[in-house]
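# Fold and geometry: a report
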Amino acid sequence: MENAFGLSVTEVLPHEAWSELSSRQNAILVDVRTKEEWTFVGVPNLESLGKKVIFVEWQEYPRMSYNPSFVDRLMEEIGEQPVDDLYFICRSGVRSMEAAHVVSSHLSSLGKKIRCVNVAEGFEGTLNMEKHRGGHSGWKARNLAWYQY
């Protein structure tokens, strides 16, 4: 789906996101998972890139209801920072894709040309044969920097 500027939400794999976050000065990573996920599963660590992750819940636990203030909170967190690219990450890449589309549409309505990118596979990746995440795909499994609170 394209916005008014012909920009659509694109998607990259976790290692590609890391590379682009490393090389693009005005690129920001937005983690849209829940507070509980950040606490119990861990979070991406961009300190070696001189960057901080923005944390805003797309859905709120335990009901997993959509956060009605998501876009407003994200815009507050970004503030006056120059931004060319916003990368969105969740557990598997599904919620972050939804969030990226909503933000892309919002930015387009404001006349802002900011590229929105979903991190495919997310932080924990897809389920394996034993129905567990985090072992064969995703940010953690690809050995990208992360930490746990």
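Before reading further, recall that the structure is shown in the block above.
For the structure given in this document, a descriptive report is provided here.

### Examining the overall build of the chain
- Along the chain, the regular secondary structure elements total four helices and nine strands.
- Put simply, the chain runs from its N terminus to its C terminus through helices and strands in the order β-α-β-α-β-β-β-β-α-β-α-β-β.
- Taken over the C-alpha trace, the chain has a radius of gyration of 15 Å; the compact-globule value for 149 residues is 15 Å, and the two agree within 12%.
- Overall, the C-alpha framework of the chain stretches about 45 × 35 × 30 Å when taken along its three principal axes.
- Across the 149 residues of the chain, 46% fall into the buried class.
- Of the contacts made within the chain by residues no fewer than 6 positions apart, 67% connect residues no fewer than 24 positions apart.
- Carbon and sulfur atoms provide 49% of the accessible area of the chain, an area that totals close to 7900 Å².

### Quick notes on the environment of Gly-93
- With respect to the helices and strands, the residue Gly-93 is situated in the loop between strand S7 (85–89) and helix H4 (94–109).
- Under the relative-accessibility criterion, Gly-93 is labelled buried at 8%.
- Sequence separation between Gly-93 and Gly-125 is 32 residues, and the spatial gap between their C-alpha atoms is 7.8 Å.
- Not counting chain neighbours up to four residues away, the residues in contact with Gly-93 comprise Asn-118, Val-119, Glu-121 and Gly-122.

### Brief notes about the pairing of strand S8 (residues 115–119)
- Counting buried positions over the five residues of S8 gives four, a clear majority of the element.
- In the sheet, strand S1 (residues 10–12) pairs with S8 via three bridges, with the strands oriented parallel. The residue bridging Val-12 from the neighbouring strand is Val-119, located in S8.
- Bridge analysis of S7 against S8 gives four bridges, and the strand direction is parallel. Residue Asp-85 lies in a different strand from S8, and its bridge partner there is Arg-115.
- Tracing the backbone out of S7, into H4 and back to the parallel element S8 gives a crossover that is right-handed.

### Quick notes on unusual backbone geometry
- Cis geometry is adopted by the peptide bond preceding Pro-62, which originates at Tyr-61 and carries an omega value of 10°.
- Along the polypeptide, Pro-62 turns up in the loop between strand S5 (59–60) and strand S6 (65–66).
- Backbone geometry places Met-64, a non-glycine residue, at a positive phi of 60°.
- Tracing the chain through its elements places Met-64 in the loop between S5 and S6.
- Assessed through its relative accessible area of 28%, Met-64 is described here as partly exposed.
- Phi is positive for Glu-121, close to 75°, though the residue is something other than glycine.
- Inspection of the secondary structure assignment puts Glu-121 in the loop between S8 and strand S9 (146–147).

### Points about the nonpolar core
- Counting 21 residues, the largest nonpolar core has Val-30, Val-32, Phe-70, Leu-74, Leu-86, Phe-88 and Val-103 as its most contacted members.
- Of all the elements in the fold, those that place two or more residues in this core are strand S2 (27–31), helix H3 (70–78), S7 and H4.
- Counting 16 residues, the second-largest nonpolar core is a separate cluster that includes Trp-18, Leu-46, Val-53 and Phe-123.

Here is what the cut-offs are and how they apply
Residues numbered from 1 in each chain as written. Predicted model: local features only at pLDDT ≥ 70, side-chain atom pairs only at ≥ 80, totals over all residues. Heavy atoms only, no water. Helix = DSSP H or I, 4+ residues; strand = E, 2+ residues; numbered from the N terminus. Rg over C-alpha atoms; globule rule 2.2 N^0.38 Å. Buried < 20%, exposed > 50% of the residue type's maximum accessible area, 1.4 Å probe, protein only. Contact = heavy atoms within 4.5 Å. Areas by Shrake-Rupley, 256 points an atom, 1.4 Å probe, with all protein chains shown as cover. Pairing = 2+ DSSP bridges. Right-handed = clockwise from strand over helix to strand, strands pointing away. Core = buried A, V, L, I, M, F, W, Y, C linked by side-chain atoms within 4.5 Å.

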